Amino acid sequence: MGKQLPASELKRDESLRVVDNRTGKEYTVPITHNSIPANFFKGIRAAPGPNDRPEDETERGLRVADRGFLNTAVIESRITYIDGDNGILRYRGYPIEQLAERSSFLEVSYLLIYGALPSPSQLSHFTSEVLLHGPIHSDAEGFFRSFRYDAHPMSMLTSAFAYLGSYYGEANPSLQGQDLFTKAAKGDPAALQNMDRQIFRLIGKATTLAAMAYRIRQGRDFVVPPTGMSYTESFLYQLDHLSPTDHLSESHSNKPHPVLAKALDILFILHADHEMNASSTTVLQTGSSLPDPFSAVAAGCASLYGPLHGGANEAVIRMLLSIGSPKNVPAFLEAVKKRQKVLSGFGHRVYKTSDPRSFIIRKVADEVFAVTGRDPLLDTAMALHDAALKDDYFVSRKLAPNVDFWSGLIYRAMGFPMDFFPVLFVVPRVVGWVAHWRQMMLSPSGVKIWRPRQLYLGPSTRDYVPLDERTDAFQVGVGMEPSVIEHSGMTKRRKLAEAAGKVTSKL
Ligand code: CMC
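Chains are numbered independently. Their residues run from 1 in the order of the written sequence. With pLDDT at 70 or above as the cut-off, local features in this predicted model cover only qualifying residues; side-chain atom pairs require 80 or more to be listed or tallied, and sums for whole chains, interfaces and linings still use all residues. Water and hydrogen atoms were dropped before computing side-chain values, which therefore reflect all heavy atoms in the structure.

Section: the overall build of the chain
Defined as follows: What counts as a helix is a DSSP run of H or I of at least four residues, what counts as a strand is a run of E of at least two, and both are numbered from the N terminus. Buried means the residue's accessible area, taken with a 1.4 Å probe over protein chains only, is under 20% of the maximum for its type, while exposed means over 50%, and partly exposed covers the values in between. Whether two residues touch is decided by their heavy atoms; if any such pair falls within 4.5 Å, the residues are in contact. Here the open area of atoms and residues is found with the Shrake-Rupley method and a 1.4 Å probe, where only the protein chains shown may cover a residue. A residue counts as positive if it is Lys or Arg and as negative if it is Asp or Glu; His and the chain ends are not included. By convention, charge coordinates are those of NZ in Lys, CZ in Arg, CG in Asp, or CD in Glu.
When its secondary structure is counted, the chain shows 19 helices and five strands. Summarising its shape, the C-alpha atoms of the chain cover approximately 85 × 80 × 60 Å along the three principal directions. Taken over 507 residues, the chain has a buried fraction of 43%. Within the chain, residue pairs in contact and separated by at least 24 positions form 68% of the contacts whose partners lie at least 6 positions apart. A total of about 28,000 Å² of accessible surface is found on the chain, and carbon and sulfur atoms cover 53% of it. Taken as two groups, the 57 positive and 53 negative side-chain charges of the chain have centres that lie 3 Å from each other.

As structure tokens, then:
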């Protein structure tokens, strides 16, 4: 790695000196905010070496390879800061611990989107706009009813956000002009209002869509979002409401149980943003080609759904159920170390110590269990947690519990089905997504389409071979031809019908 210059030769200069050993040329690369511009390297060119292929484009400049974005800053942001080595998470400078203890989800949403804690009148304006935008066109009921009875709620929710966009032509740059939102950066107040209207809609309707995805599987009618409740109370109400006289809380006031509503509010604060996580990056990547924000949010949903991201809390419960009891923990950890299993809820791309959200969530779990009763899976979770934190395999790799290790247990105790857990992550994360999207649209230097590069390692140019000159062995190697798959009985019969009268052995 780097060679240290003697102190006498050191002169502090915010730049990097690079020598291209292919050409002997020296370059000075500027350093800003402890980063170097990847585009600078495009100017570092050389004649092709003996091992270079034309596709390496050696004479067109050096490329920066970063598979999986391990060390690439894709945007300048003022929203969220994570110090992964020291377990620090701050929204707009405020420590997550203070926000979880003292704030509320909609106040934190305001902070993330608009950059400062709101005054009482600002908070009241924002809250009323978000809640006002909760109700949805009654046609949406038909949309949800069109899914199969056992559809995964994330399939419904992901599609529902894209579907929602179809109602708002005025929010679609493809219809209204590509600078529909970006002209807000130049001070166009109508563009800014338009952008904020869509933000109110997206946050307001996130709970409505999520509740519809839930209720359709329960065989229950849909509920119009209530008034006079907080965001999370309204969400719980929309999920559970049966009739005007049903008793969801101890006070029989038709409001959800206060401990559960508060717990959900804190969980929503913790999940609202996490800087350039996979789904926020997806929203920005999608947003960079300037579609409507509903499409960008639908893309974020799809990204969040994966078990390496928002699907992890569901994976944790499945893992704990498969372990069964604390006595099976050592065998499970051995299987993880042999790479036969994954310890879901442990490890993080950024945190190399405990995720600060995991401590807050652990406290919330106790408060929820005091109301709902203790989940027997907690003993297995504790045993797994304690054993992993003492085991050199996990310690040496800096693998510690992340937010998902505990959140699934709380959601389970609150009675949510496992496949609904990612939905409970999406609803608050919509706030982070729109905060990043708005910041990008308001970028003074405009929006650049996110179009990364690749290192092309495929064949160089080759000539077309006529069909009758090719054999089955023309392409060899794993995954280089379509798989042979089993067909259902119906397809078999159809193919037999097509083949009737012809002799065929390949069905
Ligand atoms: N169990 C066992 N080994 C692990 C785990 C784990 N959960 N996570 C990482 N490792 C090992 C990995 O095999 C590698 O070992 P080696 O160096 O010997 O090959 C080493 O630790 C480094 O891991 P990595 O895969 O290079 O780390 P990454 O930054 O690419 O992946 C991660 C981060 C979160 C995808 C990964 O830790 C993981 O798969 N965790 C389990 C899934 C999970 O809990 N996800 C939720 C993340 S937090 C919420 C969110 O952001 O959505």
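Quick word on the site of the ligand
Under the convention used in this document: Whether a residue is near a molecule or strand depends on its heavy atoms: it is near if one of them lies within 4 Å of it. The term polar contact refers here to a pair of N or O atoms within 3.5 Å; inside protein, the definition further demands a hydrogen-donor-capable atom paired with an acceptor-capable atom, and it admits residues adjacent in sequence only when both atoms are side-chain atoms. Amino acids outside the nonpolar list (Ala, Val, Leu, Ile, Met, Phe, Trp, Tyr, Cys, Pro) and the charged list (Asp, Glu, Lys, Arg) are all regarded as polar, and Gly is one of them.
Near the ligand you find 19 residues, and of these H309, R339, L343, G345 and R349 are the closest. One of the side-chain N or O atoms of H309 is found 2.5 Å from an oxygen atom in the ligand. The contact in question runs from an oxygen atom of the ligand to an N or O atom on the side chain of R349, over 2.7 Å. Here the ligand has 930 Å² of accessible area as a free molecule, and 70% of this is covered by the chains. Its residues assigned to classes, the shell around the ligand shows nine nonpolar, six polar and four charged.

Observations regarding the nonpolar core
Rules: Buried Ala, Val, Leu, Ile, Met, Phe, Trp, Tyr and Cys residues form a nonpolar core when they are joined through side-chain atoms within 4.5 Å.
Counting residues in hydrophobic clusters, the biggest one holds 118 residues, and the most contacted among them are Y91, F161, I203, F235, L343, L384 and V430. Ranked by residues supplied to this core, first place goes to helix 18 (residues 421-441) with 14 residues. The residues touching L384, leaving out its near neighbours within four places in the chain, are M319, L320, I323, V329, F332, L333, L343 and F405.

Overview of the environment of G373
Mapped onto the elements, G373 comes out in the loop between helix 14 (356-372) and helix 15 (377-390). Between the C-alpha atom of G373 and that of A413, which follows or precedes it by 40 residues, the distance is 7.5 Å.

Remarks on helix 2 (residues 105-114)
The periodicity of an α-helix, 3.6 residues per turn, causes residues three or four positions apart to be oriented the same way. Helix 2 sits mainly inside the fold: nine of its 10 residues count as buried. For helix 2, every residue scored as buried is listed here: F105, L106, E107, V108, S109, Y110, L111, L112 and I113.

Brief notes about the side chain of D292
To be explicit about the condition: By convention in these notes, a salt bridge is any Lys or Arg side-chain nitrogen within 4 Å of a carboxyl oxygen on Asp or Glu.
Mapped onto the elements, D292 comes out in the loop between helix 10 (278-287) and helix 11 (293-304). Put simply, D292 is tucked away with no salt bridge, and the nearest opposite charge, on R201, sits 10.0 Å away. Only 3.0 Å separates the side chain of D292 from the backbone nitrogen of F294, close enough to count as a polar contact. Of the polar contacts made by the side chain of D292, one reaches the side chain of S295; its length is 2.8 Å. When sequence neighbours within four positions are dropped, the list of residues in contact with D292 reads G165, A171, N172 and P173.

With respect to the UniProt feature "active site" (unreviewed entry) in the chain
Condition: UniProt positions are given in the numbering used here, feature names are shortened, and annotations may be inferred rather than shown by experiment. Grid points spaced at 1 Å over the protein atoms alone were grouped into cavities, where a 1.4 Å probe fits but cannot get out, and pockets, open sets with protein on both sides within 12 Å along at least five of seven lines, with lining residues defined by an atom within 4 Å of a point.
Here, the residues flagged by UniProt with the feature "active site" (unreviewed entry) are H348 and D404. These annotated residues cover 57 residues of sequence, but their C-alpha atoms sit close together, with the largest distance between any two at 10.5 Å. Taken from the residues named earlier, the lining of the second largest cavity is made up of H348. If you trace the backbone, H348 turns up in the loop between helix 13 (329-337) and helix 14. Taking the relative accessible area as the measure of exposure, H348 reaches 24% and is therefore partly exposed. Sequence-distant contacts of H348, defined by excluding residues within four places in its chain, comprise H274, R357 and N402. Here the side chain of H348 touches V350 through a polar contact of 2.9 Å, landing on its backbone nitrogen. Mapped onto the fold, D404 is located in helix 17 (residues 403-413). Each residue touching D404, except ones within four places of it in the same chain, is listed here: H271, H309, A312, N313, V316 and G345.

Section: the packing of aromatic side chains
Here is the rule: Working definition: a ring pair exists when centres of Phe, Tyr or Trp rings (six-membered ring for Trp) sit within 6.5 Å. Plane angles under 30 degrees give stacked, over 60 give edge-to-face, the rest tilted. Placement of a positive charge over a ring is assigned whenever Lys NZ or Arg CZ falls within 6 Å of the ring centre and within 35 degrees of the normal to the ring plane.
A complete count under the given rule lists 24 aromatic pairs for this structure. Aromatic pair Y110 and Y114: ring centres 5.1 Å apart, planes at 55°, arrangement tilted. Remark: Y114 and Y110 occur in helix 2; sequence separation between them is four residues, near one turn of the helix. Since its relative accessible area comes to 26%, Y114 is described here as partly exposed. By the ring-pair criterion, three or more aromatic residues cluster together here, those being F143, F144, F147, Y163, Y167, Y168, F222 and F294. Looking at R201, its charged tip hangs above the ring of Y168, at a distance of 3.7 Å from the centre. R362 extends its terminal NZ or CZ atom over the ring of W406, reaching a point 4.9 Å from the ring centre.

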